[in-house]
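Remarks on the overall topology
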Amino acid sequence: MTTAAFRPRVLTGDRPTGPLHLGHYFGSLQNRVRLQSEGAELFIVIPDYQVLTDRDTAEKLPETVEELMLDYLAVGIDAERAVIFTHSSVPALNQLLLPFLSLISTAELHRNPTVKDEIQHSRQAQVSGLMLTYPVHQAADILFCKARLVPVGQDQLPHLEATRTIARRFNARYTRGGSPLFPEPEALLSAMPLLLGTDGGKMSKSRGNAIALGAGEDETAQLIRGAKTDTERRITFDPEHRPEVSSLLSLAGLCQGRDPYAVAEEIGEGGASRLKALVTEAVNEHLRPIRKRRAELAGDRGYLREVLARGNARANEVADVTLAQVRTVMGMTY
Ligand code: TRP
(Lines give C-alpha, C1' and ligand atoms only; values in the text may rest on other atoms or scores of the structure.)
Protein backbone atom coordinates (compact mmCIF):
# COMPACT_ATOMS: atom_id res chain seq x y z
CA MET A 1 0.00 0.00 0.00
CA THR A 2 1.28 3.44 -0.87
CA THR A 3 -1.16 5.29 1.38
CA ALA A 4 1.22 4.89 4.31
CA ALA A 5 3.10 7.90 2.95
CA PHE A 6 0.13 10.16 3.67
CA ARG A 7 0.51 11.36 7.22
CA PRO A 8 -1.74 14.34 7.89
CA ARG A 9 0.06 16.88 10.02
CA VAL A 10 -1.60 17.83 13.26
CA LEU A 11 -0.55 20.68 15.53
CA THR A 12 -1.78 21.63 18.93
CA GLY A 13 -0.39 22.78 22.25
CA ASP A 14 -0.92 23.81 25.83
CA ARG A 15 0.34 26.81 27.75
CA PRO A 16 2.88 25.83 30.36
CA THR A 17 0.98 27.36 33.28
CA GLY A 18 0.42 24.15 35.22
CA PRO A 19 -0.24 20.45 34.82
CA LEU A 20 -2.92 19.24 32.43
CA HIS A 21 -6.32 18.27 33.78
CA LEU A 22 -9.35 16.19 32.92
CA GLY A 23 -10.74 18.88 30.62
CA HIS A 24 -7.59 18.68 28.49
CA TYR A 25 -7.66 14.93 28.60
CA PHE A 26 -11.21 14.41 27.36
CA GLY A 27 -11.24 17.57 25.26
CA SER A 28 -8.00 17.20 23.36
CA LEU A 29 -5.40 14.67 24.55
CA GLN A 30 -7.54 11.65 23.70
CA ASN A 31 -8.05 13.03 20.19
CA ARG A 32 -4.31 13.50 19.77
CA VAL A 33 -3.59 9.93 20.76
CA ARG A 34 -6.29 8.64 18.43
CA LEU A 35 -4.96 10.70 15.50
CA GLN A 36 -1.48 9.44 16.23
CA SER A 37 -2.67 5.85 16.16
CA GLU A 38 -4.32 6.57 12.81
CA GLY A 39 -0.96 7.65 11.44
CA ALA A 40 -1.02 11.45 11.85
CA GLU A 41 2.24 13.32 12.31
CA LEU A 42 1.83 15.07 15.63
CA PHE A 43 3.37 18.46 16.47
CA ILE A 44 2.87 19.78 19.99
CA VAL A 45 3.87 23.32 20.85
CA ILE A 46 4.55 24.29 24.44
CA PRO A 47 3.91 28.03 24.04
CA ASP A 48 6.12 29.50 26.74
CA TYR A 49 5.89 33.05 25.35
CA GLN A 50 2.10 32.75 25.43
CA VAL A 51 2.20 32.45 29.22
CA LEU A 52 2.97 36.17 29.32
CA THR A 53 -0.41 37.18 27.94
CA ASP A 54 -2.05 37.67 31.35
CA ARG A 55 0.86 37.91 33.81
CA ASP A 56 4.18 39.70 34.11
CA THR A 57 6.46 36.70 34.44
CA ALA A 58 6.33 33.00 33.69
CA GLU A 59 7.33 31.17 36.85
CA LYS A 60 9.19 27.87 37.06
CA LEU A 61 9.13 27.22 33.32
CA PRO A 62 11.53 24.27 33.24
CA GLU A 63 9.54 22.41 35.90
CA THR A 64 6.19 23.23 34.32
CA VAL A 65 7.39 22.16 30.88
CA GLU A 66 8.57 18.86 32.36
CA GLU A 67 5.17 18.32 33.95
CA LEU A 68 3.50 18.86 30.60
CA MET A 69 5.84 16.42 28.90
CA LEU A 70 5.03 13.87 31.58
CA ASP A 71 1.32 14.35 30.93
CA TYR A 72 1.78 13.93 27.18
CA LEU A 73 3.86 10.80 27.39
CA ALA A 74 1.73 9.28 30.16
CA VAL A 75 -1.49 9.52 28.13
CA GLY A 76 0.18 7.80 25.19
CA ILE A 77 1.77 10.41 22.97
CA ASP A 78 4.65 8.62 21.30
CA ALA A 79 7.95 10.27 22.21
CA GLU A 80 9.65 8.63 19.23
CA ARG A 81 7.29 10.05 16.63
CA ALA A 82 5.72 13.24 17.97
CA VAL A 83 7.49 16.60 17.67
CA ILE A 84 7.20 18.30 21.07
CA PHE A 85 8.80 21.74 21.17
CA THR A 86 8.94 25.02 23.07
CA HIS A 87 8.04 28.33 21.41
CA SER A 88 11.12 30.19 22.51
CA SER A 89 13.39 27.56 20.95
CA VAL A 90 12.17 28.16 17.40
CA PRO A 91 13.18 31.64 16.14
CA ALA A 92 11.91 31.22 12.58
CA LEU A 93 8.43 30.37 13.82
CA ASN A 94 8.43 33.55 15.88
CA GLN A 95 9.50 35.66 12.94
CA LEU A 96 6.35 34.69 11.05
CA LEU A 97 4.49 36.84 13.55
CA LEU A 98 5.59 40.02 11.74
CA PRO A 99 4.16 39.40 8.29
CA PHE A 100 1.09 37.80 9.88
CA LEU A 101 0.42 40.89 12.01
CA SER A 102 0.21 42.91 8.82
CA LEU A 103 -2.68 40.75 7.64
CA ILE A 104 -5.15 41.39 10.44
CA SER A 105 -6.81 44.58 11.61
CA THR A 106 -6.82 45.93 15.15
CA ALA A 107 -10.64 45.82 15.08
CA GLU A 108 -10.46 42.08 14.39
CA LEU A 109 -8.01 41.62 17.23
CA HIS A 110 -10.29 43.49 19.65
CA ARG A 111 -13.31 41.38 18.66
CA ASN A 112 -11.81 37.98 19.59
CA PRO A 113 -14.18 36.56 22.27
CA THR A 114 -11.59 34.29 23.89
CA VAL A 115 -9.17 37.17 24.26
CA LYS A 116 -11.98 39.28 25.77
CA ASP A 117 -12.71 36.57 28.34
CA GLU A 118 -9.03 36.26 29.19
CA ILE A 119 -8.71 40.01 29.64
CA GLN A 120 -11.53 39.80 32.20
CA HIS A 121 -9.69 37.12 34.16
CA SER A 122 -6.24 38.59 33.66
CA ARG A 123 -3.88 39.14 36.57
CA GLN A 124 -2.76 42.38 34.99
CA ALA A 125 -4.40 45.77 35.31
CA GLN A 126 -3.44 46.69 31.75
CA VAL A 127 -4.00 44.79 28.53
CA SER A 128 -0.64 44.08 26.97
CA GLY A 129 0.06 44.09 23.25
CA LEU A 130 0.85 40.40 23.55
CA MET A 131 -2.61 39.63 24.97
CA LEU A 132 -4.21 41.27 21.98
CA THR A 133 -1.92 39.74 19.37
CA TYR A 134 -1.26 36.25 20.69
CA PRO A 135 -3.89 34.71 18.38
CA VAL A 136 -1.64 35.85 15.51
CA HIS A 137 1.34 34.25 17.20
CA GLN A 138 -0.80 31.14 17.50
CA ALA A 139 -1.46 31.32 13.76
CA ALA A 140 2.32 31.14 13.31
CA ASP A 141 2.39 28.03 15.53
CA ILE A 142 -0.10 26.33 13.28
CA LEU A 143 1.07 27.60 9.90
CA PHE A 144 4.84 27.21 10.34
CA CYS A 145 4.38 23.45 9.94
CA LYS A 146 1.41 23.76 7.56
CA ALA A 147 -0.77 21.72 9.88
CA ARG A 148 -4.10 20.51 8.49
CA LEU A 149 -5.81 19.64 11.74
CA VAL A 150 -5.82 21.30 15.13
CA PRO A 151 -7.44 19.32 17.96
CA VAL A 152 -8.60 21.92 20.48
CA GLY A 153 -11.35 22.87 22.88
CA GLN A 154 -14.22 25.16 21.93
CA ASP A 155 -12.49 28.24 23.39
CA GLN A 156 -9.77 28.05 20.74
CA LEU A 157 -12.13 28.30 17.76
CA PRO A 158 -11.75 32.09 17.37
CA HIS A 159 -7.98 31.59 17.10
CA LEU A 160 -8.46 28.94 14.46
CA GLU A 161 -10.68 31.31 12.54
CA ALA A 162 -7.99 34.00 12.76
CA THR A 163 -5.43 31.47 11.52
CA ARG A 164 -7.57 30.58 8.52
CA THR A 165 -8.07 34.24 7.74
CA ILE A 166 -4.34 34.92 7.89
CA ALA A 167 -3.52 31.91 5.70
CA ARG A 168 -6.10 32.99 3.14
CA ARG A 169 -4.94 36.60 3.08
CA PHE A 170 -1.28 35.64 2.89
CA ASN A 171 -1.94 33.38 -0.06
CA ALA A 172 -4.08 35.99 -1.79
CA ARG A 173 -1.51 38.72 -1.31
CA TYR A 174 1.70 36.86 -2.03
CA THR A 175 1.06 33.69 -3.97
CA ARG A 176 -1.78 34.75 -6.20
CA GLY A 177 -1.80 32.64 -9.32
CA GLY A 178 0.74 30.22 -7.89
CA SER A 179 0.01 27.41 -5.52
CA PRO A 180 -0.99 28.66 -2.06
CA LEU A 181 1.78 28.54 0.52
CA PHE A 182 -0.39 27.90 3.55
CA PRO A 183 -3.23 25.39 3.82
CA GLU A 184 -6.25 26.51 5.84
CA PRO A 185 -6.27 24.31 8.93
CA GLU A 186 -9.40 22.74 10.40
CA ALA A 187 -10.25 22.60 14.08
CA LEU A 188 -11.01 19.18 15.47
CA LEU A 189 -13.42 19.41 18.38
CA SER A 190 -14.05 16.43 20.58
CA ALA A 191 -17.61 15.35 21.26
CA MET A 192 -16.98 16.01 24.93
CA PRO A 193 -19.81 17.61 26.90
CA LEU A 194 -18.89 20.74 28.83
CA LEU A 195 -16.91 19.87 31.94
CA LEU A 196 -17.00 22.57 34.59
CA GLY A 197 -14.39 23.25 37.24
CA THR A 198 -15.13 22.16 40.81
CA ASP A 199 -16.33 25.71 41.57
CA GLY A 200 -18.90 25.55 38.78
CA GLY A 201 -16.91 27.94 36.56
CA LYS A 202 -14.78 27.29 33.48
CA MET A 203 -12.24 24.54 34.23
CA SER A 204 -8.81 26.11 34.09
CA LYS A 205 -5.38 25.22 35.36
CA SER A 206 -4.82 28.77 36.54
CA ARG A 207 -8.16 29.01 38.38
CA GLY A 208 -7.44 26.20 40.86
CA ASN A 209 -10.66 24.34 40.10
CA ALA A 210 -9.40 21.41 38.03
CA ILE A 211 -8.39 17.80 38.67
CA ALA A 212 -4.88 17.33 37.33
CA LEU A 213 -4.07 14.10 35.51
CA GLY A 214 -1.13 13.58 37.83
CA ALA A 215 -3.01 14.37 41.06
CA GLY A 216 -3.00 11.66 43.75
CA GLU A 217 -6.10 9.59 44.50
CA ASP A 218 -6.69 11.31 47.85
CA GLU A 219 -6.24 14.73 46.34
CA THR A 220 -8.74 13.77 43.63
CA ALA A 221 -11.23 12.60 46.27
CA GLN A 222 -10.82 15.84 48.19
CA LEU A 223 -11.31 18.02 45.12
CA ILE A 224 -14.46 16.16 44.12
CA ARG A 225 -15.80 16.26 47.68
CA GLY A 226 -15.48 20.04 47.58
CA ALA A 227 -17.17 20.38 44.20
CA LYS A 228 -20.17 22.64 43.92
CA THR A 229 -23.52 20.83 43.52
CA ASP A 230 -27.08 21.77 44.44
CA THR A 231 -29.56 20.93 47.18
CA GLU A 232 -31.88 18.64 45.26
CA ARG A 233 -31.51 15.11 46.60
CA ARG A 234 -32.59 13.25 43.50
CA ILE A 235 -29.73 13.21 40.98
CA THR A 236 -30.76 13.92 37.39
CA PHE A 237 -28.84 14.75 34.24
CA ASP A 238 -30.04 18.20 33.22
CA PRO A 239 -27.15 20.34 31.91
CA GLU A 240 -29.31 23.40 31.43
CA HIS A 241 -30.86 23.60 34.91
CA ARG A 242 -28.29 21.66 36.95
CA PRO A 243 -24.94 22.42 35.31
CA GLU A 244 -22.72 21.39 38.24
CA VAL A 245 -24.41 18.06 38.93
CA SER A 246 -24.60 17.32 35.21
CA SER A 247 -20.92 18.08 34.72
CA LEU A 248 -20.04 15.55 37.43
CA LEU A 249 -22.32 12.98 35.78
CA SER A 250 -20.67 13.65 32.43
CA LEU A 251 -17.27 13.15 33.98
CA ALA A 252 -18.24 9.81 35.47
CA GLY A 253 -19.80 8.84 32.15
CA LEU A 254 -16.64 9.73 30.21
CA CYS A 255 -14.46 7.74 32.60
CA GLN A 256 -16.71 4.70 32.54
CA GLY A 257 -17.76 4.88 28.90
CA ARG A 258 -21.39 5.20 30.00
CA ASP A 259 -24.30 7.46 29.32
CA PRO A 260 -24.61 10.17 32.01
CA TYR A 261 -28.37 9.53 32.20
CA ALA A 262 -27.64 5.95 33.24
CA VAL A 263 -25.20 7.18 35.89
CA ALA A 264 -27.86 9.56 37.24
CA GLU A 265 -30.42 6.76 37.26
CA GLU A 266 -28.10 4.56 39.27
CA ILE A 267 -27.57 7.24 41.92
CA GLY A 268 -31.23 8.23 42.07
CA GLU A 269 -32.03 9.51 45.56
CA GLY A 270 -28.44 9.01 46.73
CA GLY A 271 -27.80 12.76 46.61
CA ALA A 272 -24.59 14.67 46.14
CA SER A 273 -22.53 12.49 48.48
CA ARG A 274 -23.31 9.30 46.55
CA LEU A 275 -22.68 11.17 43.28
CA LYS A 276 -19.30 12.39 44.47
CA ALA A 277 -18.25 8.97 45.72
CA LEU A 278 -19.11 7.45 42.37
CA VAL A 279 -17.29 10.17 40.39
CA THR A 280 -14.19 9.84 42.57
CA GLU A 281 -14.08 6.11 42.03
CA ALA A 282 -14.62 6.49 38.28
CA VAL A 283 -11.90 9.13 37.86
CA ASN A 284 -9.32 7.35 39.99
CA GLU A 285 -10.00 4.04 38.28
CA HIS A 286 -9.69 5.55 34.79
CA LEU A 287 -6.53 7.49 35.56
CA ARG A 288 -4.73 4.74 37.48
CA PRO A 289 -2.66 3.35 34.55
CA ILE A 290 -1.90 6.87 33.28
CA ARG A 291 -0.72 7.97 36.71
CA LYS A 292 1.39 4.86 37.07
CA ARG A 293 3.15 5.52 33.79
CA ARG A 294 3.53 9.18 34.69
CA ALA A 295 5.26 8.29 37.95
CA GLU A 296 7.63 5.92 36.12
CA LEU A 297 8.58 8.57 33.57
CA ALA A 298 9.06 11.18 36.29
CA GLY A 299 12.07 9.22 37.41
CA ASP A 300 13.93 9.90 34.15
CA ARG A 301 14.29 13.63 33.65
CA GLY A 302 17.22 13.16 31.27
CA TYR A 303 14.94 11.30 28.89
CA LEU A 304 12.38 14.12 28.97
CA ARG A 305 15.07 16.66 28.14
CA GLU A 306 16.25 14.50 25.27
CA VAL A 307 12.73 14.20 23.81
CA LEU A 308 12.32 17.98 23.98
CA ALA A 309 15.73 18.64 22.42
CA ARG A 310 14.86 16.34 19.53
CA GLY A 311 11.50 18.05 19.07
CA ASN A 312 13.09 21.49 19.10
CA ALA A 313 15.64 20.48 16.48
CA ARG A 314 12.94 19.12 14.17
CA ALA A 315 10.66 22.15 14.68
CA ASN A 316 13.57 24.43 13.74
CA GLU A 317 14.20 22.51 10.52
CA VAL A 318 10.56 22.82 9.52
CA ALA A 319 10.31 26.50 10.53
CA ASP A 320 13.47 27.44 8.63
CA VAL A 321 12.07 25.98 5.44
CA THR A 322 8.74 27.78 5.83
CA LEU A 323 10.34 31.12 6.68
CA ALA A 324 12.58 30.83 3.62
CA GLN A 325 9.48 30.27 1.46
CA VAL A 326 7.75 33.24 3.06
CA ARG A 327 10.73 35.52 2.42
CA THR A 328 10.91 34.34 -1.16
CA VAL A 329 7.28 35.03 -2.01
CA MET A 330 7.48 38.38 -0.19
CA GLY A 331 10.51 39.37 -2.25
CA MET A 332 12.87 39.48 0.72
CA THR A 333 15.77 37.63 -0.83
CA TYR A 334 19.00 39.54 -0.45
N1 TRP B 1 -3.90 28.90 23.32
C2 TRP B 1 -3.65 27.53 23.73
C3 TRP B 1 -3.94 27.44 25.24
O4 TRP B 1 -4.34 28.37 25.85
C5 TRP B 1 -2.26 27.06 23.50
C6 TRP B 1 -1.77 27.13 22.09
C7 TRP B 1 -0.73 27.86 21.63
C8 TRP B 1 -2.27 26.41 20.97
N9 TRP B 1 -0.52 27.66 20.33
C10 TRP B 1 -1.44 26.79 19.88
C11 TRP B 1 -3.31 25.51 20.76
C12 TRP B 1 -1.66 26.28 18.60
C13 TRP B 1 -3.53 25.01 19.49
C14 TRP B 1 -2.71 25.40 18.40
O15 TRP B 1 -3.74 26.40 25.85
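Let us look at the structure shown here. What you are looking at is a predicted structure, and each value in this text was computed from that prediction instead of being measured. (Residues numbered from 1 in each chain as written. Predicted model: local features only at pLDDT ≥ 70, side-chain atom pairs only at ≥ 80, totals over all residues. Heavy atoms only, no water.)

Turning to the side chain of Gln 50, a few remarks are in order. Structurally, Gln 50 can be placed in the loop between strand S2 (41-46) and helix H2 (61-75). The exposure class of Gln 50 is buried, given its relative accessible area of 5%. Within the structure, the side chain of Gln 50 is placed 3.1 Å from the side chain of Gln 138, a separation counted as a polar contact. Sequence-distant contacts of Gln 50, defined by excluding residues within four places in its chain, comprise Arg 15, His 87, Tyr 134, Gln 138 and Asp 141. (Helix = DSSP H or I, 4+ residues; strand = E, 2+ residues; numbered from the N terminus. Buried < 20%, exposed > 50% of the residue type's maximum accessible area, 1.4 Å probe, protein only. Polar contact = N/O pair within 3.5 Å; in protein donor to acceptor, adjacent residues only side chain to side chain. Contact = heavy atoms within 4.5 Å.)

For the rest of this paragraph, the subject is the packing of H2 against helix H13 (residues 301-329). At a minimum axis distance of 10 Å, the contact between H2 and H13 shows a crossing angle of 85°. The angle between H2 and H13 falls in the class roughly perpendicular. In this structure, H2 contributes Val 65, Glu 66, Glu 67, Met 69, Leu 70 and Leu 73 to the contact, and H13 contributes Arg 301, Tyr 303, Leu 304, Arg 305, Val 307 and Leu 308. Here the contact of H2 with H13 is built from residues that sort into eight nonpolar, no polar and four charged. (Axes fitted to C-alpha atoms, helices over the stretch in contact; angles between N-to-C directions. Parallel < 35°, antiparallel > 145°, perpendicular 65-115°, else oblique. Nonpolar A, V, L, I, M, F, W, Y, C, P; charged D, E, K, R; others polar.)

The subject of this paragraph is the site of the ligand. Residues in contact with the ligand amount to 14 residues; listed here are only the nearest, Arg 15, Gln 50, Gln 138, Asp 141 and Gln 156. The contact in question runs from an oxygen atom of the ligand to an N or O atom on the side chain of Arg 15, over 3.3 Å. Between the ligand and Asp 141 there is a distance of 2.7 Å, counted from a nitrogen atom to a side-chain nitrogen or oxygen. Taking 370 Å² as the accessible area of the ligand by itself, protein coverage stands at 92%. The cavity where the ligand resides is the largest pocket. (Near = heavy atom within 4 Å. Areas by Shrake-Rupley, 256 points an atom, 1.4 Å probe, with all protein chains shown as cover. 1 Å grid on protein atoms, 1.4 Å probe; cavity = no way out; pocket = protein on both sides within 12 Å on 5 of 7 lines; lining within 4 Å. Sits in = over half its atoms within 2 Å of the grid points.)

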